[in-house]
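Secondary and tertiary structure notes
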Amino acid sequence: MNVALYSKKLRPEQIPEVVGIVKLLLEKNCTLLIWHTLYDDVKSELPNIKTIETFDEPINKDSNIDVILSIGGDGTILDTVHLVKRSDIPIAGINVGSMGFLASIQKDEVSEALNEIIEKRCTTQKRTLLSASFKNHKYMAINEISINKKDTASMITSSVWVNNQFIYSFRADGIIVATPTGSTAYSMSCNGPIVTPDSNIFLITPIAPHNLSVRPIVIPDNSIIKIKIESRENIAIVTVDGKSFNIDNDTIILLRKSEHKVRLIQRLNENFFSTLRTKLNWGQDIRI
């Protein structure tokens, strides 16, 4: 099997864990392609390995990579999505972060999970991507695209249309448009609903609206969303899966479902609801 590995900068205590993953994959006769900075972090622990190649740009659809391992937390998964979004390579997330909704393989499960992946005893789940166009550029997100006020500035006014039908204008700290995958991210922290990843919808979630009657809205994912922002500071911030850009007043942001999807590997003993129970402590009495 041909396996790519990606991670952000490793903390010193994480290096032995990643070295162990590399050695396990080599023992299974896997061919490895490692993100260049990740290789720099671990190469001193792998002095005699000559069969590892590195990469430093997105993987194209003609690649022979069978799976990419994303080693970190959900933020690392978001970066990994942008490395493979046009190649259809499935992503397996190994969680060495905190929450891990997307990076669902825990450290004590790595050996067993990798064996399942190599032996193809797992499934993949396609996740919808959200496409945004503004300032003559296009961006894609697996979680959400949010528009926020800048720093400590006053609230911004968001005007929203869906399929050219005006919905509302409201003053708030900002607005989120989330995919089903992103329903458990920023949108959830702003009281947006949780939806299953296979739902064909998008969420529009206000961020701390001044008018409390303004609530999240669920719309079909074949909709075209238009948002216009007005700010007293004449500037706001658009964030696409954690990557931020400044925009001026009167910038029009168009959002729609991307033609691309990403595939996340799911172990056979896991599902979305078991993840919710584990990560959100559902059904557990956590009172002291």
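Presented here is a report on the structure given in the accompanying data block.

Criteria and thresholds
Residues numbered from 1 in each chain as written. Predicted model: local features only at pLDDT ≥ 70, side-chain atom pairs only at ≥ 80, totals over all residues. Heavy atoms only, no water. Helix = DSSP H or I, 4+ residues; strand = E, 2+ residues; numbered from the N terminus. Rg over C-alpha atoms; globule rule 2.2 N^0.38 Å. Contact = heavy atoms within 4.5 Å. Areas by Shrake-Rupley, 256 points an atom, 1.4 Å probe, with all protein chains shown as cover. Lys, Arg positive; Asp, Glu negative; His and termini not counted. Charge placed at Lys NZ, Arg CZ, Asp CG, Glu CD. Pairing = 2+ DSSP bridges. Axes fitted to C-alpha atoms, helices over the stretch in contact; angles between N-to-C directions. Buried < 20%, exposed > 50% of the residue type's maximum accessible area, 1.4 Å probe, protein only. Phe/Tyr/Trp six-rings, centres within 6.5 Å; stacked < 30°, edge-to-face > 60°. Core = buried A, V, L, I, M, F, W, Y, C linked by side-chain atoms within 4.5 Å. Expected span 1.5 Å × (residues − 1). Patch = residues over 30% accessible without salt bridge, like charges linked within 9 Å, V, L, I, M, F, W, Y side chains within 5 Å. Salt bridge = Lys/Arg side-chain N within 4 Å of Asp/Glu carboxyl O.

1. Looking at the overall build of the chain
Scanning the chain from terminus to terminus reveals 6 helices and 18 strands. Radius of gyration (C-alpha) of the chain: 20 Å, near the 19 Å computed for a compact globule of 288 residues. Dimensions of the chain along its principal axes, counting C-alpha atoms only, are 60 × 45 × 35 Å. Within the chain, residue pairs in contact and separated by at least 24 positions form 67% of the contacts whose partners lie at least 6 positions apart. Per element, the accessible surface of the chain, about 14500 Å² overall, is 47% carbon and sulfur. On the chain, the mean spot of the 33 positive side-chain charges and the mean spot of the 32 negative ones are 5 Å from each other.

2. Here we look at the sheet that holds strand 16 (residues 235-240)
An order of 14-13-12-9-16-17 is seen for the 6 strands of this open sheet, with the pairing classed as antiparallel. Two strands in the sheet have a free side with no partner beyond their single neighbour: strand 14 (217-220) and strand 17 (243-248). Each neighbouring strand pair of the sheet contributes to a mean axis angle of 20 degrees, computed without reference to strand direction.

3. As for helix 6 (residues 272-279)
Buried within helix 6 we find Phe-272, Ser-274, Thr-275, Leu-276 and Lys-279. Where helix 6 is buried, its residues meet strand 5 (91-95) and strand 6 (105-106). In the stretch just after helix 6, Asn-281 is the one whose phi turns positive, near 60 degrees.

4. Observations regarding unusual backbone geometry
Here the phi dihedral of Asn-163 falls at roughly 50 degrees; this positive angle occurs in a residue that is not glycine. By the secondary structure assignment, Asn-163 is in the loop between strand 10 (156-162) and strand 11 (165-172). Positive phi, normally seen in glycine, also occurs at Asp-241, with a value near 50 degrees. Within the fold, Asp-241 resides in the loop between strand 16 and strand 17.

5. Examining the packing of aromatic side chains
Under the counting rule described, the total for this entry stands at 8 aromatic pairs. The structure contains a cluster of three or more aromatic residues connected by ring pairs, namely Tyr-6, Trp-35 and Phe-55.

6. Quick look at the nonpolar core
Counting 51 residues, the largest nonpolar core has Leu-5, Ile-21, Leu-25, Leu-32, Ile-68 and Leu-69 as its most contacted members. Top element by residues in this core is helix 1 (residues 15-27). It accounts for 6 residues. Core analysis: the second largest hydrophobic core is formed by 27 residues, Ala-132, Tyr-168, Phe-170 and Phe-202 among them.

7. Observations regarding helix 1
Under the 1.5 Å per step criterion, the end-to-end length of helix 1 is 18 Å for 13 residues, consistent within 8% with the ideal 18 Å. Of all the residues in helix 1, the buried ones are Val-18, Val-19, Ile-21, Val-22, Leu-24 and Leu-25.

8. A short note on the environment of Thr-76
Relative to the elements of secondary structure, Thr-76 occurs in helix 3 (residues 74-84). Expressed as a C-alpha distance, the spacing of Thr-76 and Phe-272, which sit 196 residues apart in the sequence, is 20 Å. Leaving out residues up to four positions away in the same chain, Thr-76 has contacts with Tyr-6, Ser-7, Lys-8, Ser-70 and Ile-71.

9. Re a nonpolar patch on the surface
Together, Ile-224, Ile-252 and Leu-254 line one region of the surface with nonpolar side chains, adding up to about 200 Å² of accessible area. Position of Leu-254 among the secondary structure elements: in strand 18 (residues 252-267).

10. Some words on the pairing of strand 18
Relative to strand 18, strand 7 (residues 122-134) runs antiparallel, the two being bridged by 11 bridges. Residue pairing across strands places Ser-133 opposite Leu-254, the latter belonging to strand 18. Sheet topology note: the strand 15 (residues 225-230)/strand 18 ladder contains 4 bridges and is antiparallel. By the bridge assignment for strand 18, Lys-228 is matched with Ile-252.

Read these as layout, nothing more, since geometry by itself doesn't imply function.
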